[in-house]
Amino acid sequence: MRIGFRLVLAALPVGAVLLLPAAAEAWPLPDAGDPFTMTVDDVGCRSGRASVRLHNQTRQLVRFDLKADGVSMATGSIPARKTIVRQVSVDKGSRSEVEAYSVSEGQPDTLIDSSHVENDCPWGHHRHGGRLPYTGPPTDLMGKLATAGGLVVMGGILWWYGSIWPRSSM
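This write-up is about the structure you can find in this document. Please read all numbers here as calculations on a predicted model, not as lab measurements. (Residues numbered from 1 in each chain as written. Predicted model: local features only at pLDDT ≥ 70, side-chain atom pairs only at ≥ 80, totals over all residues. Heavy atoms only, no water.)

With respect to the helices and strands, the residue Asp65 is situated in strand β3 (residues 62-68). Lacking a salt bridge, the buried Asp65 has Lys67 as its closest oppositely charged neighbour, with an N-O distance of 4.1 Å. A polar contact of 2.8 Å, which involves the side chain of Asp65, links it to the side chain of Ser72. Residue contacts for Asp65: discarding those within four places in its chain leaves Ser72, Ala74, Thr75, Glu99, Ala100, Tyr101, Val103 and Asp109. (Helix = DSSP H or I, 4+ residues; strand = E, 2+ residues; numbered from the N terminus. Buried < 20%, exposed > 50% of the residue type's maximum accessible area, 1.4 Å probe, protein only. Lys, Arg positive; Asp, Glu negative; His and termini not counted. Salt bridge = Lys/Arg side-chain N within 4 Å of Asp/Glu carboxyl O. Polar contact = N/O pair within 3.5 Å; in protein donor to acceptor, adjacent residues only side chain to side chain. Contact = heavy atoms within 4.5 Å.)

Right, let's talk about the sheet that holds strand β6 (residues 95-103) for a bit. A sheet is described by the order of its strands in space; here four strands give the open sequence β4-β3-β6-β7, paired in antiparallel fashion. The strands lining the two open edges of the sheet, one partner per strand, are β4 (71-78) and β7 (110-118). The mean angle between the axes of side-by-side strands here comes to 20°, regardless of whether they run parallel or antiparallel. Sheet topology note: the β3/β6 ladder contains six bridges and is antiparallel. By the bridge assignment for β6, Lys67 is matched with Glu99. (Pairing = 2+ DSSP bridges. Axes fitted to C-alpha atoms, helices over the stretch in contact; angles between N-to-C directions.)

This part covers the state of the cysteines. Applying the stated criterion to the full structure yields one disulfide. A sulfur-sulfur separation of 2.2 Å characterises the disulfide bridge that pairs Cys45 with Cys121. Here the S-S torsion is close to -90°, and the disulfide linking Cys45 with Cys121 is therefore left-handed. Pair noted here: Cys45 is in the loop between β1 (36-43) and β2 (49-56) and Cys121 is in the loop between β7 and α2 (139-164), with a separation of 76 residues, a long-range link. (Disulfide = S-S within 2.5 Å.)

Our next topic: the side chain of Asn56. With respect to the helices and strands, Asn56 occurs in strand β2. Within the structure, Asn56 has its side chain in polar contact with the backbone oxygen of Pro79 (distance 3.0 Å). Other than its neighbours up to four places away in sequence, Asn56 contacts Pro35, Phe36, Leu61, Val62, Ile78, Pro79, Ala80, Arg81 and Lys82.

Moving on, we come to unusual backbone geometry. A positive phi angle is found at Asp69, which is not glycine, with a value near 55°. Its place among the elements puts Asp69 in the loop between β3 and β4. Using a relative accessible area of 51% as the deciding quantity, one classes Asp69 as exposed. In this structure, Arg81 takes a positive phi of about 60° despite not being glycine.

Spatially, β1-β2-β5 is the arrangement adopted by the three strands of the open sheet, whose pairing is antiparallel. Strands at the two margins of the open sheet, each flanked by one partner only, are β1 and β5 (83-89). The sheet shows a mean angle of 20° between the axes of neighbouring strands, taken without regard to direction. Where β2 lies against β5, seven bridges are found, and the strand directions are antiparallel. Bridged to Leu54 within β5 is Ile84.

Here it is in structure tokens:
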């Protein structure tokens, strides 16, 4: 390879690092014109509910409508520069689409954000008093037994070879 070609190959990662911050800014950010933002947490296995946070970005009261699978779950208003939390129920083994709408007088509701939430908690949620069920002997014990067995076999081979080695004839 020529030196120039090697320098170009070495410069490729440096160029990628320099371009990475520009690519990171291309990710979708909340629209500056939206009156509020929505973030959805994972479903809690004990409660079967997901927390939905609505944060008002403006300096005035904002009205909202929160829907899960097209059914209105919560409506109300968010005070200026404040965050409210609402809970959305999701059945075990199912998903739900959570949508947040901005409600204003004389205009149709405006979709602000939507997110899919999945309840993938285990089905048989039984309590065992903080203990795991017995699944067999511990792995480290089995490893120690295998090592001891290997040493016994190796010792037998060395003993046998040591007993026949001096008897070789010349």
